[in-house]
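# Chain and residue survey
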Amino acid sequence: MRTSRDLKISYGIEADIRLTSALASLPRFIWGQICTTISRWHVTARADFDAQKLDRADLFVDASNKRLDFATKITATSNGSFKIRKIEATKGFDSDGARITITPRYDLDTDDPDVVLTFSKDGTAAQLTASFERQVLTISQQVDEKTRIIPTFSSTGDVSVAWERTLTDTSSVLATFRPNQSLNVQWKEAAWAASIDCKISGSNISIRRDVEF
């Protein structure tokens, strides 16, 4: 990483290490990132390269202004020509103790626009995701310090209700019920996680442990 007064540059390489007759470290992913501030706008530009296809780069540009409570994100690719793939912008408002955000998004690959509206106040949060084809509303209600109820409704008729309970600082239980479809229960304890998925046609049980290197 290199840093100047108003410009920070970072970069890295991810590699596979394969054991054969000789030890070879094969780079598979290369990235570089630049962060700076321009007239109260914090800008981050990042480029990701596949080590086997260095003629193509995935580009990500984020810009935010805290004073204006506004942020925008652009995803693009460059392989001889520059093509914007996704774009979104978020505008926030604070009013009477409530937090409201509006995020219009546009996916140029699928020509699919939508908008995300969020609202939060006094332990209640709501999110509405709306496109031409489908609208989804999720409401999160904090029942007490350790319990939340989260119903979700879709314009296509899908309904689910989730119940989340914090047991300790490192453990929690999340149960999600979908009428006539399934009941899913997830239990987390530090790095351990267990999941039980009970469907109308059968059940699945899985246990995993996250390991950090």
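Scope of this entry: the structure provided in the associated data block. (Residues numbered from 1 in each chain as written. Predicted model: local features only at pLDDT ≥ 70, side-chain atom pairs only at ≥ 80, totals over all residues. Heavy atoms only, no water.)

## Observations concerning the environment of Phe 70
Topologically, Phe 70 is positioned in strand S6 (residues 70-78). In this structure the C-alpha to C-alpha distance between Phe 70 and Trp 41, which are 29 residues apart in sequence, comes to 9.6 Å. Residue contacts for Phe 70: discarding those within four places in its chain leaves Trp 41, Ala 63, Ser 64, Asn 65, Ala 89, Thr 90 and Lys 91. (Helix = DSSP H or I, 4+ residues; strand = E, 2+ residues; numbered from the N terminus. Contact = heavy atoms within 4.5 Å.)

## With respect to unusual backbone geometry
Glycine aside, the phi torsion of most residues is negative, and most peptide linkages are trans. One non-glycine residue with positive phi stands out, namely Asp 69, at about 55 degrees. Exposure remark for Asp 69: the relative accessible area of 21% places this residue in the partly exposed category. Non-glycine residue Ala 190 carries a positive phi angle of around 55 degrees. Of note, Ala 190 is situated in the loop between strand S15 (182-189) and strand S16 (192-199). (Buried < 20%, exposed > 50% of the residue type's maximum accessible area, 1.4 Å probe, protein only.)

## Quick notes on the pairing of S16
Pairing of S15 with S16, which is carried by eight bridges, proceeds in the antiparallel orientation. Paired with Leu 183 across the bridge in S16 is Cys 198. (Pairing = 2+ DSSP bridges.)

## A short note on the pairing of strand S7 (residues 82-95)
Summarising the sheet, S6 and S7 pair through nine bridges and their orientation is antiparallel. Among the inter-strand pairings, Thr 75 is bridged to a residue of S7, identified as Lys 86. Hairpin geometry of S6 and S7 is characterised by an intervening segment of three residues between the two adjacent antiparallel strands and by a positive phi of about 105 degrees at Gly 80. Where S7 and strand S8 (residues 98-107) come together, eight bridges link them in antiparallel fashion.

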